[in-house]
Amino acid sequence: MTSLSAARINGILIVLFLMFPLVGMGIDLIAPSLPAITHSLGVTPQASKILIAIYLLGNCLGNVFSGFSSDSWGRRYLALSGLLGFTIFSIVPVMLPTLPVLFLARFFQGFCLAMASVLARTIMSDILVEKRLVQIIPMISTVWGIGPIIGPVIGGYLQYYFDWQACFYFFAAYGLILFVLFLSFLPETHHQRQPLHLKIAWGAVREMLSHRIFLGSILVMGWIYSLMIIFNTLGPFLVQVTFHHTPVYFGHAALCMGIAYLLGTIVCRQLLKVWKWEQVFLLGFGMSVSMTFLLLLLVWMFPQGLLLLVIFSTIIFFACGLIFPSVMSRGFVLFRHYAGKASAIINLLMVLMTSLSTFWFSTLTAHHGMMISSLYLLFIALAGVSYFGMLRR
């Protein structure tokens, strides 16, 4: 804990929370531009879809680096380095618009932004007492949910009126603003440095990964996060190529899902004040299972019903907003004495699962809603197996 005043802590939290929407937008802002990138660079749809998976892979490795190094090197300068790197690599593909450069830039965008986002959560653990930290954690999911809400809409309009390069200019501007804010207002919050001994670090990792509830929480979050990437990976081509709608239409569809997820996290935060986290999870799980089975039936009866897919996906995303933060609040507080490492492990495994899932999604083509609906059911089932097998008391 630090000796910062309450006003200073609140100011730091505001700055930190300004960053979380960018994490979600790292995926969602570029999604409406995937068909345009495919056409502009003369590559296959599968190649352009990999841009999402590569971003997630970089994000995964950035989590590992920052989480483990921050306990030894501190928080502030690593966070600033991450934001500066993100800004630079957002400009590179505009200057050199080739697919290999895009792959490289997206990887380092994910890596650098992960450095800043992991450290933001770790800083919260440094400056907040446990009771307030537990209350703040669901708010991270709520604020993060702003990215998937506004990201596709901004990306859709940027693509419609300008072109895919405008998305990267937007990333660069947002990253630069955050860099200035962090530089101006963020102090160093970790003064009891721990030397980076690999043997000790591996011992901490083994302790965390041998904890059944901690590992089960990561698995559930990983499956749910993967589910929420499905529409952003397959949806742009389904909406724009198969059904011949504009990027703006896709952005508005994704907007509905993002709002639903955000509302779900808000409801979750209120329910956690009076319910146990298991009860909130089961409510979201039951809702997601029932809605997915109904969606499968409807898209089988009406395979061209894009609106049905959007409506039921929106309800399922609301259920994910109940599931994700309820499980996150359970797993995140278990290893506060390894705050940086615990945050790194959670994000490493969760994002690695999502990255691998997205690489798989990039090989698939959705000609109607059945493919996306079936994938929803698969990942909801995996989340249920992880909960009942590892988290259920």
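Residues numbered from 1 in each chain as written. Predicted model: local features only at pLDDT ≥ 70, side-chain atom pairs only at ≥ 80, totals over all residues. Heavy atoms only, no water.

1. Things to note about the overall build of the protein chain
Then step 1. Summing up its helical and strand segments, the protein chain has 15 helices and 0 strands in all.
Then step 2. When burial is assessed residue by residue, the protein chain has 62% of its 393 residues classed as buried.
Then step 3. Counted over contacts in the protein chain with a minimum sequence separation of 6, partners at least 24 positions apart contribute 87%.
Then step 4. Roughly 15000 Å² of accessible area belongs to the protein chain as shown, and the carbon and sulfur atoms make up 72% of that amount. (Helix = DSSP H or I, 4+ residues; strand = E, 2+ residues; numbered from the N terminus. Buried < 20%, exposed > 50% of the residue type's maximum accessible area, 1.4 Å probe, protein only. Contact = heavy atoms within 4.5 Å. Areas by Shrake-Rupley, 256 points an atom, 1.4 Å probe, with all protein chains shown as cover.)

2. Quick look at the packing of aromatic side chains
Then step 1. All told, the structure shown has 21 aromatic pairs when counted by the stated rule.
Then step 2. Between the aromatic rings of F168 and F171, the centroid separation amounts to 6.1 Å while the plane-to-plane angle is 80°, which identifies the pairing as edge-to-face. A residue pair is termed a helical-turn pair when its members lie 3 or 4 positions apart in one helix, as F168 and F171 do in helix α8 (residues 165–185) at 3 residues. Accessibility classification places F168 together with F171 in one group, the buried group.
Then step 3. Note on F231 and F250: the rings are 5.5 Å apart at their centroids and 5° apart in plane angle, and the pair reads as stacked. (Phe/Tyr/Trp six-rings, centres within 6.5 Å; stacked < 30°, edge-to-face > 60°.)

3. Structural notes on helix α4 (residues 76–95)
Then step 1. The end-to-end C-alpha separation of α4 is 30 Å, in line with the 28 Å expected for 20 residues at 1.5 Å each.
Then step 2. Among the residues of α4, R76, L78, A79, L80, G82, L83, G85, F86, T87, S90, P93 and V94 are the ones counted as buried. (Expected span 1.5 Å × (residues − 1).)

4. What about the packing of helix α1 (residues 6–28) against α8?
Then step 1. Relative to each other, α1 and α8 sit at 160°, their axes nearing to 11 Å. Compared by their axis directions, α1 and α8 come out roughly antiparallel. Seen along the crossing, α1 lies across α8 with a hand that is left-handed. Within the contact between the two elements, α1 uses R8, I12, V15, L16, L18, M19, P21, L22, M25 and G26 and α8 uses F170, F171, Y174, L178, L181, F182 and F185.
Then step 2. Within the contact of α1 with α8, the residues separate by chemical class into 15 nonpolar, 1 polar and 1 charged. (Axes fitted to C-alpha atoms, helices over the stretch in contact; angles between N-to-C directions. Parallel < 35°, antiparallel > 145°, perpendicular 65-115°, else oblique. Left-handed = near helix turned anticlockwise from the far one by under 90°. Nonpolar A, V, L, I, M, F, W, Y, C, P; charged D, E, K, R; others polar.)

5. Considerations on unusual backbone geometry
Backbone geometry follows two general trends: most residues other than glycine have a negative phi, and most peptide bonds adopt the trans configuration.
Then step 1. With a phi angle near 60°, H244 is a residue other than glycine that sits in the positive phi range.
Then step 2. The topology assignment puts H244 in the loop between α10 (212–242) and α11 (247–271).
Then step 3. Judged by its relative accessible area of 66%, H244 is exposed.

6. Notes on the confidence of the model for the protein chain
Then step 1. Counting all residues, the mean pLDDT for the protein chain is 84, and 88% of those residues have values of 70 or more.
Then step 2. Per-element confidence in the protein chain ranges from a low mean pLDDT of 67 for helix α9 (residues 198–209) to a high of 93 for helix α12 (residues 277–301). (pLDDT = per-residue confidence, 0-100.)

7. Things to note about the nonpolar core
Then step 1. Counting 116 residues, the largest nonpolar core has M124, Y225 and L227 as its most contacted members.
Then step 2. Among the elements that line this core, the one with the most residues is α10, at 17 residues.
Then step 3. With residues near it in sequence (within four places) discarded, Y225 still touches I27, L56, W144, F324, M350, V351 and T354. (Core = buried A, V, L, I, M, F, W, Y, C linked by side-chain atoms within 4.5 Å.)

8. Some points on the environment of L219
Then step 1. With respect to the helices, strands and loops of the structure, L219 is situated in helix α10.
Then step 2. For L219 and Y387, which are 168 residues apart along the polypeptide, the C-alpha to C-alpha distance reads 8.4 Å.
Then step 3. Excluding residues that lie within four positions of it along the chain, L219 makes contacts with M353, S386 and M390.

9. A few points about the side chain of S48
Then step 1. If you trace the backbone, S48 turns up in helix α3 (residues 45–73).
Then step 2. Within the local environment of S48, its side chain forms a polar contact with the backbone oxygen of P45, the two atoms lying 2.9 Å apart. (Polar contact = N/O pair within 3.5 Å; in protein donor to acceptor, adjacent residues only side chain to side chain.)

10. Considerations on the side chain of S326
Then step 1. Counting through the fold element by element, S326 comes out in helix α13 (residues 306–332).
Then step 2. Under the relative-accessibility criterion, S326 is labelled buried at 0%.
Then step 3. Separated by 3.0 Å, the side chain of S326 and the backbone oxygen of L322 make a polar contact.

11. Things to note about empty space enclosed by the protein
Then step 1. Summed over the entire model, instances satisfying the criterion amount to 3 cavities of 30 Å³ or more.
Then step 2. Approximately 130 Å³ is the volume attributed to the second largest cavity.
Then step 3. Lining the second largest cavity are 13 residues, with D28, P148, M228, N232 and F317 sitting closest to its centre.
Then step 4. Taken together, the elements giving at least two residues each to the lining of the second largest cavity come down to α1, α10 and α11.
Then step 5. Split by residue class, the lining of the second largest cavity holds 10 nonpolar, 2 polar and 1 charged. (1 Å grid on protein atoms, 1.4 Å probe; cavity = no way out; pocket = protein on both sides within 12 Å on 5 of 7 lines; lining within 4 Å. Points joined across faces, edges and corners; volume = space filled by probe spheres on them.)

12. Some thoughts on the packing of α4 against α8
Then step 1. One way to put it is that α4 packs onto α8 with a least axis distance of 8 Å and a crossing angle of 160°. As the angle between them shows, α4 and α8 are arranged roughly antiparallel. Taken as a pair, α4 and α8 cross one another with a handedness that is left-handed. Contacts from R76, A79, L80, L83, L84, F86, T87, S90, I91, P93, V94 and M95 of α4 reach α8 at Q165, F168, Y169, F171, A172, G175, L176, L178, F179, F182 and L183.

13. What to know about a nonpolar patch on the surface
Then step 1. A grouping of L294, L297, W300, M301 and F302 is seen on the molecular surface, where their side chains present a nonpolar patch of about 550 Å² in accessible area.
Then step 2. Mapping L294 onto the fold places it in helix α12.
Then step 3. A relative accessible area of 35% means that L294 is categorised as partly exposed. (Patch = residues over 30% accessible without salt bridge, like charges linked within 9 Å, V, L, I, M, F, W, Y side chains within 5 Å. Salt bridge = Lys/Arg side-chain N within 4 Å of Asp/Glu carboxyl O.)

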